[in-house]
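# Overview (structure and organization)
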Amino acid sequence: MLIGAIEIKLNLGELNAGGIAMEIKTAKNEPYPVEVIKDQTYYWCTCGLSESQPFCDGSHQRTEMMPLEFVATENMTVYFCGCKQSANAPLCDGTHFSL
């Protein structure tokens, strides 16, 4: 787009709905151990902005990201990813060791 003598280039793949570049924020460089309850649904924060880590508090609404649903299949301790880089999201796969 040309405005006067200034050329503006937009890369829409890097913009969120508010027009601000958004990268996933690492909330914590280790997993969050959580005692989950069978058949309960949990919403894991994908953006890293939530104040209620590892769970969503709606902070993603200023981004294009959405929380990831996790349904517990049994009562147990689950290790939710804190770095937000896991290939096994929402669970930790040890990726934080290489960051």
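Note that the structure is a prediction, hence the values are computed from the model and not measured. (Residues numbered from 1 in each chain as written. Predicted model: local features only at pLDDT ≥ 70, side-chain atom pairs only at ≥ 80, totals over all residues. Heavy atoms only, no water.)

In this section: the overall build of the chain. Helices and strands together make up the secondary structure of the chain, namely zero helices and six strands. Within the chain, the fraction of its 99 residues that count as buried is 29%. Excluding contacts between residues fewer than 6 apart, the proportion of contacts in the chain whose partners are at least 24 apart in sequence is 55%. Total accessible area on the chain stands at roughly 6,600 Å², and carbon and sulfur atoms take up 53% of it. (Helix = DSSP H or I, 4+ residues; strand = E, 2+ residues; numbered from the N terminus. Buried < 20%, exposed > 50% of the residue type's maximum accessible area, 1.4 Å probe, protein only. Contact = heavy atoms within 4.5 Å. Areas by Shrake-Rupley, 256 points an atom, 1.4 Å probe, with all protein chains shown as cover.)

This next bit is on the confidence of the model for the chain. In the predicted model, the chain carries a mean pLDDT of 82, and 77% of its residues have values of at least 70. This model gives residues 1-17 a pLDDT under 50, and the stretch forms 17 contacts once residues within four places in sequence are excluded. (pLDDT = per-residue confidence, 0-100.)

Moving on, we come to the packing of aromatic side chains. Evaluation of the coordinates by the stated rule reveals four aromatic pairs. Between Y42 and F80, the ring centres sit 6.4 Å apart and the planes meet at 50°, which makes this aromatic pair tilted. Taken as a pair, Y42 in strand β4 (residues 41-44) and F80 in strand β6 (residues 76-80) lie far apart in primary sequence, 38 residues in all. The residues Y42 and F80 share a single accessibility class, namely buried. Ring pairing ties together the aromatic residues Y42, F55, F70 and F80, which thus form one cluster. The ring of Y32 is capped by K28, whose NZ or CZ atom sits 4.3 Å from the centre of that ring. (Phe/Tyr/Trp six-rings, centres within 6.5 Å; stacked < 30°, edge-to-face > 60°. Lys NZ or Arg CZ within 6 Å of the ring centre and 35° of its normal.)

The next subject is the nonpolar core. Counting eleven residues, the largest nonpolar core consists of Y32, V34, V36, Y42, W44, F70, A72, V78, F80, C81 and C83. Listed by contribution, the elements that provide at least two residues to this core are β3 (32-36), β4 and β6. Those residues in contact with Y42 that sit more than four places away from it in its chain are E35, V36, I37, F55, L68, E69, F70, A72 and F80. (Core = buried A, V, L, I, M, F, W, Y, C linked by side-chain atoms within 4.5 Å.)

Positionally, T46 belongs in the loop between β4 and β5 (68-71). A polar contact is formed between the side chain of T46 and the backbone oxygen of M66, at a distance of 2.7 Å. Those residues in contact with T46, other than ones at most four positions away along the chain, are I24, M65, M66, P67, L68 and K84. (Polar contact = N/O pair within 3.5 Å; in protein donor to acceptor, adjacent residues only side chain to side chain.)

Here we take up the environment of P31. The residue P31 is located in the loop between β2 (6-7) and β3 in this model. Linking P31 and G94, residues 63 residues apart in sequence, is a C-alpha distance of 8.4 Å. With sequence-adjacent residues up to four places away left out, P31 is seen in contact with Y79, F80, G82, C92 and H96.

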